[in-house]
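A structural walkthrough
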Amino acid sequence: MDEIYLAVAAATGVGFCIGSYTRHWFGRHERRIDKAARAIVEGMPGHGWSNDPEGRFTYVSPPALKYYGVEEKDIRLMERNPHGFHDAYVEMLAKLIHPDDLPGTLENWAETLSSGDPATYEYRLRRHDGVYRWHRLAVHPSRNETGTITAWYGTQIDIEDQKVAQLELQWRKQSLERLIDAVPVNIWTCTPSGDATYFSRRLQDLIGYSPDSFDPSEDLFRQSNNAIIHPDDVRAAEASLKNSLETGAPLSGRWRIRKADGSYIWTEQRAEAFKDVDGNIIEWIGLAIDIDEFKREEDAVRYREQELQLLIDTIPMMIWTAKYQDGPLFFSKPLLEYTGLGDIEGTKRTEAFSQQTMHDLIHPDDVTEIRAAFNRGFVSGEVMTVRYRFRRSDGVYRWVESRSASSLGKRGETMRRYGCLIDVHEEVEANSALQGIQERLVKASRASSLAELSAAIAHEVNQPLSAIVSNSTKCCQSIRNSRSDGQGCKRCSRSYQLHSLSLPAGNCYPTTRKN
């Protein structure tokens, strides 16, 4: 028995020695670990600290105490109100945390202690010189084998420069958003695949949609296009968009988009690809410019131009435009068809205009006079009307009447000459024929007057001759019938003399009549 007791005592002594040595070894090991941990915490660029499960400080790194200008005894408050933080604790934190951030920090810390979840905060802490600087706090619970929180460990680092840059970036973003909302254009962005990512506030108010309005499980590209773009324009718009997305070429197009009230307006769409340093497209940034009023005015102008062109092409005259140095600039459709230039292609037609077209079309006998007349018109700007022979497409020269006037500049100089040609060939030919007839009529009239003059002369001469013949006859009869010598002849001779004296003096000479 004694041997057994001795063995048990020896074993107990050995066990005690081993346990004591083990506790000493583990204690030293834990102290070394704790010393190493403290060295890490105190040497890192941030500040470290620990709390018990109730949130009371159990350790604060010396650099943190020095940074805040406090002593460890000032922050080790062992009491805590079970319904919240007691006044002394709040007062202690109030000396360190910015007044604007204190309520939110206390609320977040109480919620973290209650939930037991890790947390991250950002708030301003007071430095020893009284300057507040932004810090980021990260706190994490430590649990034992049963999951019970045994302590809280936290770190905080100075993020003043980062926060200032972040706030400045946020301010710039807000300024940019205000600028985007203020400018009279609608801005949008999309991914390289065409999915809408951003609509400016002005655009959202206009169309009644935001990028979040569409179902992400479906084709966002087709969804947004069908919802916003006019059905008659959606196919052309999608083709233009796909071409830019595939090739990276800038987008430019016009189509109608649907407003929030259901009506449609014309917009001009422009977009450019935003690329990274390697040239890869990150996103597309686009503008939707409201051009509805401009488009309506443009359509009205186009309609008036079409009506004017129809008028120019329909009226029965040939219209042209010319400049003094450049020559003819425009021939209307009837004039092109008349001259045969309408069968020439556009480029060659322009060349034909520049190669002395008018000189080639005007009759050689008229070109010098007409050129001089046109030059006078360009210089003086006066309204001018001339007639000359103009070559038709079949090579026949026909008479035309040209009427032209000048468009004057601010100083009264001739800018352009506008004119029209009217085919008056039949009129000229008719006038020529009429002139011939009139000339023949004059000749016939002159011949008729000569015949009347001859008749009058014959009548005037015939009367005295008849008297002579009558007296001569009587004289002869008297001679034959008279028995006395010479008495009958004397009586006849005297009778003729008396008859001649009895005639008026004017009857001895023929009279003429004026036509």
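No experiment lies behind these values; they were computed from the predicted model shown.

1. What about the overall build of the chain?
What the chain contains, in helices and strands, is 16 helices and 15 strands. Residue pairs in contact within the chain that sit at least 24 positions apart in sequence constitute 44% of those at least 6 positions apart. For the chain, the accessible surface area stands at approximately 33800 Å², while carbon and sulfur atoms represent 54% of it.

2. Structural notes on helix 8 (residues 220-228)
Because an α-helix completes one turn every 3.6 residues, residues spaced three or four positions apart along the sequence face the same direction. Counting buried positions along helix 8 yields seven of nine residues, so the element is predominantly enclosed. Taken together, the buried positions of helix 8 are Leu-220, Phe-221, Gln-223, Ser-224, Asn-225, Ala-227 and Ile-228. If you follow the buried residues of helix 8, they end up packed against strand 7 (196-199), helix 7 (201-207), helix 9 (234-247), strand 8 (251-258) and strand 9 (264-275). N-capping of helix 8 is provided by Asp-219, with a side-chain oxygen placed 3.1 Å from the backbone N of Phe-221.

3. Some remarks on the pairing of strand 8
Burial along strand 8 is one-sided: the face carrying Leu-251, Gly-253, Trp-255 and Ile-257 is buried and the face carrying Ser-252, Arg-254, Arg-256 and Arg-258 is not. In this structure, strand 8 lies alongside strand 9, joined through eight bridges in antiparallel fashion. The residue of strand 9 that forms the bridge with Arg-256 is Trp-266. Linking two consecutive strands that pair antiparallel, namely strand 8 and strand 9, is a turn of five residues; a positive phi of about 95° is found at Gly-262 within it.

4. Let's talk about the sheet that holds strand 13 (residues 384-391)
Pairing within the open sheet is antiparallel, and its five strands lie in the order 12-11-15-14-13. Two strands bound the open sheet, and with one partner strand each, they are strand 12 (327-331) and strand 13. Strand-to-strand, the axes of this sheet are offset by a mean angle of 30°, without reference to chain direction. As paired strands, strand 14 (residues 397-408) and strand 15 (residues 414-423) are joined by nine bridges and run antiparallel to one another. Paired with Leu-408 across the strands is Thr-414, a residue of strand 15. Lying over the sheet, helix 14 (residues 364-380) contacts strand 11 (318-323), strand 13, strand 14 and strand 15, oriented at roughly 145° with respect to strand 13.

5. Regarding the nonpolar core
Formed by 24 residues in total, the largest nonpolar core has its most connected members in Leu-93, Trp-109 and Val-139. When contributions to this core are tallied by element, the ones reaching two or more residues are strand 2 (57-60), helix 2 (62-68), helix 4 (87-94), helix 5 (102-115), strand 3 (119-126), strand 4 (132-143) and strand 5 (149-158). In this structure, Leu-93 is in contact with Leu-102 and Leu-106, ignoring residues within four places of it in sequence. Core analysis: the second largest hydrophobic core is formed by 23 residues, Phe-199, Ile-207, Phe-214 and Phe-221 among them.

6. A short note on the sheet that holds strand 5
One key point about sheets: their strands pair by backbone hydrogen bonds, in either a parallel or an antiparallel sense. Pairing within the open sheet is antiparallel, and its five strands lie in the order 2-1-5-4-3. Here the strands that pair on one side only, and so sit at the sheet edges, are strand 2 and strand 3. Recorded for the sheet is a direction-independent mean angle of 25° between the axes of neighbouring strands. Bridge count between strand 3 and strand 4: eight bridges; the pairing is antiparallel. Counterpart to Arg-126 in the pairing with strand 4 is Tyr-132.

7. Quick notes on the side chain of Asn-51
As for its placement among the helices and strands, Asn-51 is situated in strand 1 (residues 47-51). The exposure class of Asn-51 is buried, given its relative accessible area of 1%. At a separation of 3.3 Å, a polar atom in the side chain of Asn-51 contacts the main-chain carbonyl oxygen of Arg-56. With sequence-adjacent residues up to four places away left out, Asn-51 is seen in contact with Arg-56, Phe-57, Thr-58, Trp-109, Ala-151 and Trp-152.

8. Here's the deal with the pairing of strand 6 (residues 186-190)
Side chains on a regular strand alternate between the two faces of the sheet. Buried residues dominate strand 6, accounting for five of its five residues. Alternating positions in strand 6 separate into two faces, Asn-186, Trp-188 and Cys-190 on one and Ile-187 and Thr-189 on the other, with burial throughout. Two strands pair when backbone bridges link them, and strand 6 and strand 10 (residues 281-290) are joined in this way by five bridges, in the antiparallel orientation. Within strand 10, the residue paired with Thr-189 across the bridge is Ile-285. Pairing of strand 6 with strand 7 involves three bridges; the strand directions are antiparallel. Of the residues in strand 7, the one forming a bridge with Cys-190 is Ala-196. In this antiparallel pair of consecutive strands, strand 6 and strand 7, the connection spans five residues, and Gly-194 shows a positive phi of 100°.

9. Quick look at the confidence of the model for the chain
Per-residue pLDDT for the chain has a mean of 78; in total, 74% of the residues score no lower than 70. With pLDDT under 50 throughout, residues 4-19 is counted as low confidence; its partners more than four residues away or in other chains account for zero contacts. Between residues 501-515, whose pLDDT stays under 50, and residues either more than four places distant or in other chains, the model counts 10 contacts.

10. Examining the packing of helix 8 against helix 9
One way to put it is that helix 8 packs onto helix 9 with a least axis distance of 10 Å and a crossing angle of 140°. For the pair helix 8 and helix 9, the sense of crossing is right-handed. Residues Phe-221, Arg-222, Asn-225 and Asn-226 of helix 8 pack against Val-234, Glu-238, Leu-241, Lys-242 and Leu-245 of helix 9.

Quick notes on the rules
- Residues numbered from 1 in each chain as written.
- Predicted model: local features only at pLDDT ≥ 70, side-chain atom pairs only at ≥ 80, totals over all residues.
- Heavy atoms only, no water.
- Helix = DSSP H or I, 4+ residues; strand = E, 2+ residues; numbered from the N terminus.
- Contact = heavy atoms within 4.5 Å.
- Areas by Shrake-Rupley, 256 points an atom, 1.4 Å probe, with all protein chains shown as cover.
- Buried < 20%, exposed > 50% of the residue type's maximum accessible area, 1.4 Å probe, protein only.
- Polar contact = N/O pair within 3.5 Å; in protein donor to acceptor, adjacent residues only side chain to side chain.
- Pairing = 2+ DSSP bridges.
- Axes fitted to C-alpha atoms, helices over the stretch in contact; angles between N-to-C directions.
- Core = buried A, V, L, I, M, F, W, Y, C linked by side-chain atoms within 4.5 Å.
- pLDDT = per-residue confidence, 0-100.
- Left-handed = near helix turned anticlockwise from the far one by under 90°.

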